[in-house]
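Coordinate analysis (summary)
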Amino acid sequence: MATTEFNTSLPSIRQLQELIKQKTLVEWKLLNGDLLTGKLAWQDNNCVCIVDDRNRQITIFKQAIAYYQPK
């Protein structure tokens, strides 16, 4: 199995890592129109995981994200 690592020179990867580090509340708009709010717990090459206000973990495929913005 091929191993792929984060390209930390990409601004999008660095920005998400900073949101994790700062525990910033983020609003996520998905391509299907859903709007989610939560703190970013982790990211990998394919997904992000957010934790909502009820402490539920929600894993989102990056391809499903229209945009995100810090609250």
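The preceding data block contains the structure.
None of the values given here were measured: they were computed from a predicted structure.

Quick look at the pairing of strand 2 (residues 35-43)
- Inspection of the sheet shows strand 1 (residues 25-30) paired to strand 2 by five bridges, in the antiparallel sense. Counted as the bridge partner of Trp28 is Leu36 from strand 2.
- The hairpin turn running from strand 1 into strand 2, its antiparallel successor, is four residues long, and Gly33 in that turn takes a positive phi close to 100 degrees.
- Relative to strand 3 (residues 47-51), strand 2 runs antiparallel, the two being bridged by four bridges. Bridging from a neighbouring strand, Gln43 pairs with Val48 of strand 3.
- Hairpin connection between strand 2 and strand 3: a loop of three residues separates the two successive antiparallel strands.

Let's talk about the environment of Leu16
- Position of Leu16 among the secondary structure elements: in helix 1 (residues 11-22).
- Accessibility expressed as a relative area gives 6% for Leu16, which makes it buried.
- As a C-alpha pair, Leu16 and Leu40 span 24 residues in sequence and 7.8 Å in three-dimensional space.
- Sequence-distant contacts of Leu16, defined by excluding residues within four places in its chain, comprise Trp28, Leu40, Gln43, Val48, Lys62 and Tyr68.

Looking at the packing of aromatic side chains
- Tallying each qualifying case throughout the model produces one aromatic pair.
- Arranged with centres 5.0 Å apart and planes meeting at 35 degrees, the rings of Trp28 and Tyr68 form a pair that is tilted. Highlighted residues: Trp28 in strand 1 and Tyr68 in strand 5 (residues 65-70), separated in sequence by 40 residues.
- Since its relative accessible area comes to 0%, Trp28 is described here as buried.
- For Tyr68, a relative accessible area of 23% puts it in the partly exposed group.

Reading the values: the criteria
- Residues numbered from 1 in each chain as written.
- Predicted model: local features only at pLDDT ≥ 70, side-chain atom pairs only at ≥ 80, totals over all residues.
- Heavy atoms only, no water.
- Pairing = 2+ DSSP bridges.
- Helix = DSSP H or I, 4+ residues; strand = E, 2+ residues; numbered from the N terminus.
- Buried < 20%, exposed > 50% of the residue type's maximum accessible area, 1.4 Å probe, protein only.
- Contact = heavy atoms within 4.5 Å.
- Phe/Tyr/Trp six-rings, centres within 6.5 Å; stacked < 30°, edge-to-face > 60°.

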